[in-house]
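Coordinate analysis (summary)
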Amino acid sequence: MKQTPEFRKFWDVGKEVPFIQDEQMPKKLTHCLKWFSCTLVGMLVFVLALLSKTSFLLLITFGNNQTEIVPLDQKPTALLAIGFVLVGPSVLLLLKSTWKFIFKNGNMPSKKTVFWVLCVEILVALGAAVLTIVAMPHFDIVTNVMILNSISILSAFFQVDAEFLGRKRKHLLIPPFFSIFFIVLGYVLFAVNYLVFESSLRVSVGLAMFGTICVSVNWWENYSPLFTILSLKKISKDMVKSSNAVNIISSLTRILITSAVIGAYVALTGDGWKSVKIIFETVVIALVVIQTLSSALCRWFVVVACKMHALRRSFVMPMYFASIIVLAVFLSPLIYSLPLSNNTSITLEKSESSTEWVEVLLTDAIQTLLTRDIVVNMKTEGLVCLGCSALCWWLGLVLSTIYIWFLKIHRIERTQDLFVQRMYEGAFLEQSLMLNTRFEIGKKIKENEVAEPTKKIKVFLCATMWHETYDEMMKIIISMFRLDKYRPKHGKHSDVEFEFHIYFDDAFKDVNNGRGRLTNEYAEILVDVIKEIYIIFSEEDPCVFKEMPSLPSQKIIHTPYGGRLEYTLPNGNVMMVHLKDKQLIRHKKRWSQIMYLYYILGWRLNKQYYENLKAGEEPELIKKKLKSDRENTYILALDGDTDFQPSAVMLLIDRLKIYPEVGAACGRIHPTGTGPVVWYQKFEYAVGHWLQKTAEHVFGCVLCSPGCFSLFRGAALMDDNVMKRYTTKASEASHYIQYDQGEDRWLCTLLLQQGWRVEYNAASDAYTNAPQDFKEFYNQRRRWGPSTMANTIDLLGSGQLTAQRNSSISKLYILYQVISMAASILGPATICLMISGSFVFIFNMEENSALALAIVPPTVYLILCFKLKSDVQITIAAIMSLLYAFLMAGTVLSIIGDLVKQNTFMTPSGLFLIGMVILYLTTAALHPKEFSMVIYGLLYFICVPSGYLLLAIYSIVNMNNVSWGTRESGVQVKTSALDNIKKKFMKATCCRCPCFESEDEMNKEVLQAENTNKTEMLQMTLKIQSANDFAINTHKNKQTWIEHLLPKFGFCLTPESELSMDEIDFWIDLQKKYLEPLKENKEQQEKIANDLRELRNKATLVYFFCNALWLVATFFLQAIGEAVYIKIPKIYPNGTYAAKELLSLDPIELMFLLGFAGLLLMQFFAMLYHRIYTLIHFVAYAETEEKAPRKKVAQIVDDNHETSEDDTICFENPYVMTRHITYV
């Protein structure tokens, strides 16, 4: 059908278009943040590496007989300090692995693995101890600085072997080959320097070489794929599976071997341990602490640099130059002519300033060089050998780790994928960090083999709609088109492919007294919005007089569930709008989710492999490919009013792409709208994400990934007991609460119980409309509150089993959730106590009288909620909320006045108030983009009684009301589902736009089918007869829903728009099995209503009984009085206290304050940790993700702009824009 374009008059120069913002953070600010972060991390890595290496080498020099800071009779003290440095990382690894072994992964290795680990660790620990404790104290400072670089020799050999495996990588043989050459040459020059020119320390030289070679075995795992011995490959895999147990074994072995070497060496030297003095703590212990802390921090910042994609400037360069700068620091006394006194011990004792300490330490260290014969007698050959050996070793390390410079890693790469071993080596910090970086081995590809391509990730964006407004629809459609422009289907970025789906509930209405079904006004608004946005994103030039290209043809398809609109977006991606007819398929959000889960993950994903299996492909190969496809297929769940940027989606994709155990990830949800109710929600959402969600992410798993913006992994959804169980129809009262009132939380509960991890990404922002009306807000929370409690109880009830299955959920995290749950249940009682305190502060009432008065209003409201209708309950709650708000405002002023009156803020109420303000202000400051949320903090505080007392009462008492509560309109329609499906599902087979096939043609097809294949005819009889009936009905009705929608559609139709027979069968089967509309059964409905009331009564009894116990206990403690109160002295801000003025605290109040403060502090520190990794992810994204070109939708032409002749060749624009809306 060809449309005649409507031309706009040339003089009509203005038009209204939506303002489409591409990115929220300015590009310059992003670059500045990226540059600053990478520079800061690089500087910290460099400084910490210097501190670690310098402090360790100073401890080595203390063991040298030529130094005098540690006297000769106390040299074992220095050796003991070196031993502490060696075992320090092993102790940290032992503690970390023991924790994980107990609470997470407790797999045990095989006997062969244990034996191999013991052999390797004994060899490495022996080599490290012999090198650093026995040999290095006898050498000069120059040799000690550079000899550590020679431990890369075995890695260089392995790299040469690895490069032989790849035929096309022979040019990479050069660096490791020359690395071996330089390291061996360094050994030769080192031996010549000490054995030829001085003829001394033969044993120490041999032990040093032996030690470096033994230590170089430490990183064998980096090259484990090279080993052809099958047992070693199995051992390597077994070590990964049982990593915690292996780390415990290796750590204990290192500690024991190092201790044995120290003890044996000290005994052999004859010094004995009696010479160890405590007086060395001012220097030696300080150096041990500095070395341990700086090494641990340096390793952590190196991980940060790698995750930020700043390997070269923030990791490799600082590591390479660390040895050179340390050597320059130790040689500085020679350069700057510092006094070289032999009385270093006396000088150190009299030194007071840090500068003098440094001078003495460096002067003492240089003595190891100045006392050598080659320096005393100025033997040029010996000095040349010394310098050349140091240079050769440094070059050997650089060449053996040059591969890191070209290493390709993902954003926020997993630490275990970056580094082979979990921990660093304290004595060889920079060497261990670089050699521990994972080496990519290129395998040889045979002639008959094909390299396996990188698997592309496919993301299906699935939005559920119902009765959204024009403005809300505009948000989600703009976001989808924006993502289409960001990742074109056939663009240069081929890592991610997008497909868009919208599932529109209740899209049809009755016409002609129920004899026909047409699309309703909401569906027509959506079609209008899509057409409008399509034209905007199709415009390459917004000039009014520019001729617009004709819009491509699109599809309208009749389906068994209603209809489908298929659009090919301007950049090639596909968008499908599924119009659901509730007479044909089950409606509401959860069933729309089930609809797209089975369509995408069941039908679309499995179909191709089923066809390959029938074609004769090997089942094992199909199984492998299908598993990979499931893991790389993601579903982004959206609401019909969600607004997001492409970067938000890409940041969520990173979480699932890098971490295979992550089944779902959600972003930061921002409520939008205006009015006090929205302002309250803005701060509520902010605090919930800042503290609660980050704590869940850090300590365990996020319990709820909201359905308005969450990314799910296909393999997780298709796992056992997830997608299948999600289709369960509510048949009991508790099911209606848990399954239908909070479907997104229930889905996450199923994922967690199956062992999948759910995460939170704070940098992934999404915006959704929040209830602006008090009634709508209460009804929304009436659904959320009981469903949250039901799902949490379900998860805690299976806590032990979940902790066994899910490595991210420990028993301590279950305990944390139990405490949080208890605090949530006792919320109303806590608010009553707070209101009672307000009465005491404001009206100077007696405590028990104030408590009784505080309990009366909520008790009356509780009774009224059982008697009155829902709307009346909400009206009463609104009035009480206003009164409570005035009371809370007076309470704040009263507390401040009391602090002034008492002349101190060191009171329980004062500390609590000030602590809360400081904590929230600090938290907001760490979220600079959201700092403005603190403006709504005061409103949130004065509305606390409404949100945590009245709303809790309303939610619990109205638990039996399982209606949605928001956006509800229209009347329930009685359906005969199966009859409607049979009559209408085959419209696509007989529909040909713009006209339809005749009844005779349809009958011919039926006869042909009967004659050709009788077996197939028997299977398809019902379907073809239904198609025949529907064809007759189509001719009877002059106007079908397709003809009705065409004027609004605005696109030409693609010929032969129809579903395949296989897909029609799929929809019919899916509807019959899972999505058949629910039939009304009055007896069943009455039974469920009674069960819901009974469940409500039980829940209300238990809930408020717990709160009553808390209040009664407080009442009796207050009645007992001073006997049970805890007395604390009154403390003034200057630190003094009045002994006679005492403050009283009852035990329950103290327990509450400590418990609440403890939870907040835990959440605060979890937030700090999460903010750091959010910054890392954001910087890595800014570093690697190329931004899509920005599109200027509305361009204002400057008055001074001169138009060229080409610009004056204009045509009338055939499209008229009539709508307007602005989005930020």
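Positions within a chain are numbered from 1, following the residues in the order the chain's sequence is written. Under the rules for a predicted model, residues below a pLDDT of 70 receive no local features and side-chain atom pairs below 80 are neither given nor counted, while totals for whole chains, interfaces and linings still include all residues. To get the side-chain values, take all heavy atoms of the structure and skip hydrogens and water.

1. Side note on the packing of aromatic side chains
Classification of ring pairs uses Phe, Tyr and Trp, with its six-membered ring standing for Trp, and accepts pairs whose centres are within 6.5 Å; under 30 degrees between planes counts as stacked, over 60 as edge-to-face, and the remaining range as tilted. A complete count under the given rule lists 48 aromatic pairs for this structure. Chaining the aromatic ring pairs together yields one cluster made of Y680, F683, F774, F777, Y778, Y920, Y940, Y948 and Y954. Over the aromatic face of Y194 sits the side chain of R372, whose NZ or CZ is 3.9 Å from the ring centroid. The rule for a charge over a ring is simple: NZ of Lys or CZ of Arg within 6 Å of the ring centre, and within 35 degrees of the ring normal. The cationic tip of R590 hangs over the ring face of W591; the distance from NZ or CZ to the ring centre is 4.4 Å.

2. With respect to the nonpolar core
For soluble globular proteins, nonpolar side chains are generally found buried alongside one another. Here the nonpolar core consists of buried residues drawn from Ala, Val, Leu, Ile, Met, Phe, Trp, Tyr and Cys, with membership extended through side-chain atoms lying within 4.5 Å. Buried means the residue's accessible area, taken with a 1.4 Å probe over protein chains only, is under 20% of the maximum for its type, while exposed means over 50%, and partly exposed covers the values in between. The biggest cluster of nonpolar side chains holds 120 residues, and the ones touching the most others in it are L59, F62, C298, F315 and F330. The dominant element in this core, judged by the number of residues it contributes, is helix α1 (residues 27-62), at 12 residues. Ignoring anything within four residues of it in the chain, the contact list for L59 reads A78, A81, I82, V85, V284, L287 and V288. Of all hydrophobic cores here, the second largest spans 75 residues; its members include V459, F537, W1041 and L1045. Counting from the N terminus, the helices are the DSSP runs of H or I reaching at least four residues and the strands are the DSSP runs of E reaching at least two. The contact criterion used is simple: two residues touch if any of their non-hydrogen atoms lie within 4.5 Å.

3. Considerations on the packing of helix α19 (residues 521-538) against helix α41 (residues 1041-1049)
Between α19 and α41, whose axes approach to 9 Å, the crossing angle comes to 35°. Relative to α41, the crossing made by α19 is right-handed. Of the residues in α41, those touching α19 at E524, V527 and K531 are H1044, L1045, K1048 and F1049. Of the residues contributing to the contact of α19 with α41, the split by class is 3 nonpolar, 1 polar and 3 charged. Only the contacting stretch of a helix is used when fitting its axis, a line to C-alpha atoms as for every element, and angles between N-to-C directions run 0 to 180 degrees. Crossing handedness is defined as follows: a turn of the near helix away from the far one that is anticlockwise and smaller than a right angle gives a left-handed crossing, while the clockwise case is right-handed. Under the scheme applied, nonpolar residues are Ala, Val, Leu, Ile, Met, Phe, Trp, Tyr, Cys and Pro; charged residues are Asp, Glu, Lys and Arg; polar residues are all the others, including Gly.

4. Some details on the sheet that holds strand β12 (residues 757-769)
When DSSP finds two or more bridges between two strands, those strands count as paired. Sheet architecture is open: 10 strands sit in the order β5-β6-β7-β2-β1-β8-β11-β10-β12-β9, paired in mixed fashion. Pairing within the sheet leaves two strands with one partner each, and these edge strands are β5 (555-559) and β9 (643-644). Bridge analysis of strand β1 (residues 457-465) against strand β2 (residues 496-504) gives 9 bridges, and the strand direction is parallel. In the sheet register, F460 faces β2, and the bridge partner there is E499. Seen against the sheet, helix α22 (residues 646-658) touches β1, β2, β8 (633-639), β9, β10 (662-672), β11 (709-713) and β12 and runs at an angle of roughly 170° to β12.

5. Things to note about the environment of D140
Within the secondary structure layout, D140 lies in the loop between α3 (111-135) and α4 (141-147). Under the relative-accessibility criterion, D140 is labelled buried at 0%. Through-space distance from the C-alpha of D140 to that of T368 is 4.6 Å; in sequence the pair is 228 residues apart. Every residue in contact with D140, bar those within four places of it in the chain, is listed here: Y194, T368, L369, R372 and L386. Side-chain atoms alone can form a polar contact between residues adjacent in sequence; in general such a contact is a pair of N or O atoms within 3.5 Å, and within protein one must be able to donate a hydrogen while the other accepts it. A polar side-chain atom of D140 sits 2.6 Å from a polar atom in the side chain of Y194.

6. Concerning the side chain of Q741
Within the secondary structure layout, Q741 lies in the loop between α26 (733-740) and α27 (743-753). Side-chain polar atoms of Q741 contact the backbone oxygen of V962, separated by 2.9 Å. Beyond its immediate stretch of four places on either side in the chain, Q741 contacts Y736, R782, R783, W784, S787, N961, V962 and S963.

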